[in-house]
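One-letter residues, chain by chain:
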Amino acid sequence: MRFYNYYLSSSAQTKKFAGIFLKEILKIPLSKQTCLPVRQALIIALSGNLGAGKTTFARGFLRVAGVRSKITSPTFTLIKNYSINKLSNYKKIYHIDCYRIHKLKELIDFGLKELFENPKNIILIEWPERIQRALPKNIIKVKFKYGKKENERIIIIK
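This text gives an overview of the structure that appears in the document. Position labels on residues start from 1 in each chain and follow its written sequence. The model is predicted, so local features are restricted to residues of pLDDT at least 70 and side-chain atom pairs to those at 80 or more, both for listing and for counting; the totals for chains, interfaces and linings are taken over all residues. Hydrogens and water molecules were not included; the side-chain quantities draw on all heavy atoms of the structure.

### With respect to the overall build of the protein
Assigned secondary structure in the protein consists of four helices and seven strands. Strands are runs of DSSP state E lasting at least 2 residues, helices are runs of H or I lasting at least 4, and numbering of each runs from the N terminus. When its helices and strands are written in sequence order, the protein yields β-α-β-α-β-β-α-α-β-β-β. Radius of gyration (C-alpha) of the protein: 15 Å, near the 15 Å computed for a compact globule of 158 residues. If you line up the protein on its principal axes, its C-alpha atoms span 40 × 35 × 35 Å. For the exposure calls, accessible area comes from a 1.4 Å probe over protein chains only, and a residue counts as buried if that area is under 20% of its type's maximum, exposed if over 50%, partly exposed in between. Among the 158 residues that make up the protein, the fraction classed as buried is 46%. Atoms counted for the radius of gyration: C-alpha only. Globule rule: 2.2 Å times residue count to the power 0.38.

Pasting the structure below:
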C-alpha cells in the first residue's frame, strides 16, 4: 500500500489541496479508483483529531465539485447531501459526520448501505473509525495530523 504525505500551512491551502485531490481522482478511470468496483460509490474516509482539518478539506472538495450553497459540518444532522452537475460520472455527494454516532444502527437507518452501493455517489466520511465495520474494503483513506506550527497540517493519503 502506498502512502502520500502532504504538508500544508493554512486552512486556505487545505481547501485548495482538496480541490486538487478531487481533480486528480476524477482523472483516474472509474474502474481503477483504488480498485473500486464500478457498482460502488467513491468513498473517502477523513480521519484525525478535532480541528485537524477534516471539515475544511470537505468544504474545499465540495466547492470544486460545484456546490454553491453554504457548506456546514453535518455534526448534528449526521448526513448532508449535495446534488452536483459538474462531475459527469457522479450526481450526488454525501458528507457524513460520525462524531456523534454511538451505534452503527443510527446510520444504517439512514440507508447507508444503499448510499455506498450507488456508483453515482461520492461519500465523504468524517470520523470513519466509528463505523469501521460498515465500510467497504476499497475506500480512499485521508488522515489529518497537526503539524509543528499552529496552522500546519499533515495529510496522509492511502
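Okay, back to it.
### Comments concerning the packing of helix 1 (residues 11-27) against helix 2 (residues 54-64)
At a closest axis distance of 7 Å, the pairing of helix 1 and helix 2 adopts a crossing angle of 50°. Relative to helix 2, the element helix 1 lies oblique. The two elements helix 1 and helix 2 cross, and the hand of that crossing is right-handed. For the pair helix 1 and helix 2, contact is made by S11, T14, K15, F17, A18, G19, F21, L22 and K23 and by T56, F57, G60, F61 and V64, respectively. Axis definition: a line fitted to C-alpha atoms, over the contacting stretch in the case of helices. Angles run 0 to 180 degrees between N-to-C directions. Angle categories are assigned with fixed cut-offs, so that under 35 degrees is roughly parallel, over 145 is roughly antiparallel, 65 to 115 is roughly perpendicular, and the rest are oblique. Note on convention: near helix rotated counterclockwise from far helix by under a right angle means a left-handed crossing. Clockwise means right-handed. The contact rule is simple, with two residues in contact once any of their heavy atoms fall within 4.5 Å.

### Describing the sheet that holds strand 1 (residues 4-8)
A pair of strands is considered paired only if DSSP assigns at least 2 bridges between the two. One open sheet accounts for seven strands, arranged 1-7-6-2-5-4-3; its pairing is mixed. The strands lining the two open edges of the sheet, one partner per strand, are strand 1 and strand 3 (79-83). Strand-to-strand twist in this sheet, taken as the mean axis angle between neighbours without regard to direction, amounts to 15°. Its contacts with the sheet put helix 2 on strand 2 (42-48), strand 3, strand 4 (92-97), strand 5 (121-126) and strand 6 (140-146), and the angle it makes with strand 5 is roughly 160°.

### Focus: the side chain of S47
Relative to the assigned elements, S47 resides in strand 2. Other than its neighbours up to four places away in sequence, S47 contacts K54, P128, E129, V142, K143 and F144.

### A short note on the environment of S9
If you trace the backbone, S9 turns up in the loop between strand 1 and helix 1. Its relative accessible area of 44% is what places S9 among the partly exposed residues. Along the backbone, S9 and I101 are 92 residues apart, and their C-alpha atoms lie at a distance of 31 Å. Apart from the residues within four sequence positions on either side, S9 is in contact with N151 and E152.

### Observations regarding the nonpolar core
By convention a nonpolar core is built from buried Ala, Val, Leu, Ile, Met, Phe, Trp, Tyr and Cys residues, the set being connected through side-chain atoms within 4.5 Å. Formed by 29 residues in total, the largest nonpolar core has its most connected members in F21, I44, F61 and V142. Sorting the residues of this core by element identifies helix 1, strand 2, helix 2, strand 5, strand 6 and strand 7 (153-157) as the ones contributing at least two each. Of all the elements, helix 1 adds the most residues to this core, at five residues. Among residues more than four places away in sequence, those in contact with V142 are F21, I44, A45, L46, S47, I155, I156 and I157. Judged by nonpolar contacts, the second largest core, of 20 residues, contains A41, L107, L112 and L135.

### Let's talk about helix 2
Of all eleven residues that make up helix 2, eight are buried, and the element is covered over most of its length. The set of residues buried in helix 2 consists of K54, T55, T56, F57, A58, G60, F61 and L62. Following helix 2 by one or two positions, G66 has its phi on the positive side, about 110°.

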